[in-house]
Amino acid sequence: MAISQSELGQRLKQARESCGMTQDDVAQEMGMVRATIAQIELGNRSISGLELSRLSYLYARDIRDFLAEEFSQDSLMAVLLRAEDGAGDGVQKALRDCVALGHELRDLETLLGISRTTGGVAAYPSVSLSSKWDAIQSGSQTAQEERRRLGLGVAPVGNMPAMLEAQGIRTGLISMPSGISGLMIGHPSVGLFVVVNRDHPPVRQRFSWCHEYAHILLDRAKMSHVSRESDRADLLEVRANVFAACFLMPEEGVRQFVGTLGKGSTSRLHAEIYDEAATVQVDSRTAGGSQDLQLYDAVKLAHHFGVSVLAALYRLLNLRLLTDKQFEEMKQMDQDGVSQELAGVFG
């Protein structure tokens, strides 16, 4: 049954209020005067299909919500805005773009007869994090278990979006404020949805895909999560960053790769040869400094696992394959552009 103009106006008002917007806010976004918005909500002015479409985007609603027999005042956008209380305009626009893209993907899949199931996505038990060390342990253990579950061994992970999509997780690239790397949404209206900042470099996007995957696996009970640089000390962000580093660069895989470079062994070698009667002891020492990793080794490691050189350096440091002094020296060289020069030399 078609709804009346008055009922449509009331629904638009409820949708606006649930997003915390005033009539003045909407009028500015729509290029109208406030009185026009007031008349639409009172049911005294008809609304065109284009205007309804623009308002649907503004309120992060499916346009069909306003024409259905039943209407829920609360919405995904309202939930997101409450979770991100105090978010700036740039964040609000990014959230609207994400929800709109999620609706479009869902509608396109329905049109094409594509059935998406998320039954293959693991759900790890909620762990109470009381310290950064708890977050580190949880992130690294979950990464190991997830690689085992997916049968990845110690090899580099392939196309991250494809891996997420294969499990039923929708993915998207959207321009966001530079301080936001991505976000995760888990809501019936869009399903499981991961979005990464389109404006970030590819290697950072790859890390962000994995970071948001951690939030899907461990934090989706929250329904949404926005990953900000300013929140990097937050325990959930620490855990997601550790997960991403360990998932993309598994410890055994890193050690094996370093071994293929002829590095990472102890400088002193010892063996005892036994011939059923006596033993012969053999001692040897490698050339001084020959086992030390160099920046060009980190560049090769980063390329192998598809991460940034800085991410590779931090992983080597945490695995104690670099000393603090070596790490700081290489980090400075990377900031000075030496890594890019080496990558060019290696092709």
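Keep in mind it's a predicted model, so treat the numbers as computed, not measured. (Residues numbered from 1 in each chain as written. Predicted model: local features only at pLDDT ≥ 70, side-chain atom pairs only at ≥ 80, totals over all residues. Heavy atoms only, no water.)

> Looking at this structure, I do not really get empty space enclosed by the protein. What am I missing?
Rolled over the atoms, a probe with the dimensions of a water molecule shows which regions are left empty. Tallying each qualifying case throughout the model produces one cavity of 30 Å³ or more. By volume, the largest cavity amounts to about 30 Å³. Lining the largest cavity are Leu 12, Ile 37, Ile 40, Glu 41, Leu 55 and Tyr 59. Split into classes, the residues belonging to the lining of the largest cavity amount to five nonpolar, no polar and one charged. (1 Å grid on protein atoms, 1.4 Å probe; cavity = no way out; pocket = protein on both sides within 12 Å on 5 of 7 lines; lining within 4 Å. Points joined across faces, edges and corners; volume = space filled by probe spheres on them. Nonpolar A, V, L, I, M, F, W, Y, C, P; charged D, E, K, R; others polar.)

> What exactly am I supposed to notice about the pairing of strand β2 (residues 180–187) here?
Each regular strand displays side chains that alternate between the two surfaces of the sheet. Burial within β2 is extensive, with eight of its eight residues counted as buried. As judged from the five bridges shared by β2 and strand β4 (residues 224–228), these two strands associate in the antiparallel manner. Note that in β4 the partner of Met 184 across the bridge is His 225. Note: β2 against strand β3 (residues 191–197), six bridges, orientation antiparallel. Note that in β3 the partner of Gly 182 across the bridge is Val 196. (Buried < 20%, exposed > 50% of the residue type's maximum accessible area, 1.4 Å probe, protein only. Helix = DSSP H or I, 4+ residues; strand = E, 2+ residues; numbered from the N terminus. Pairing = 2+ DSSP bridges.)

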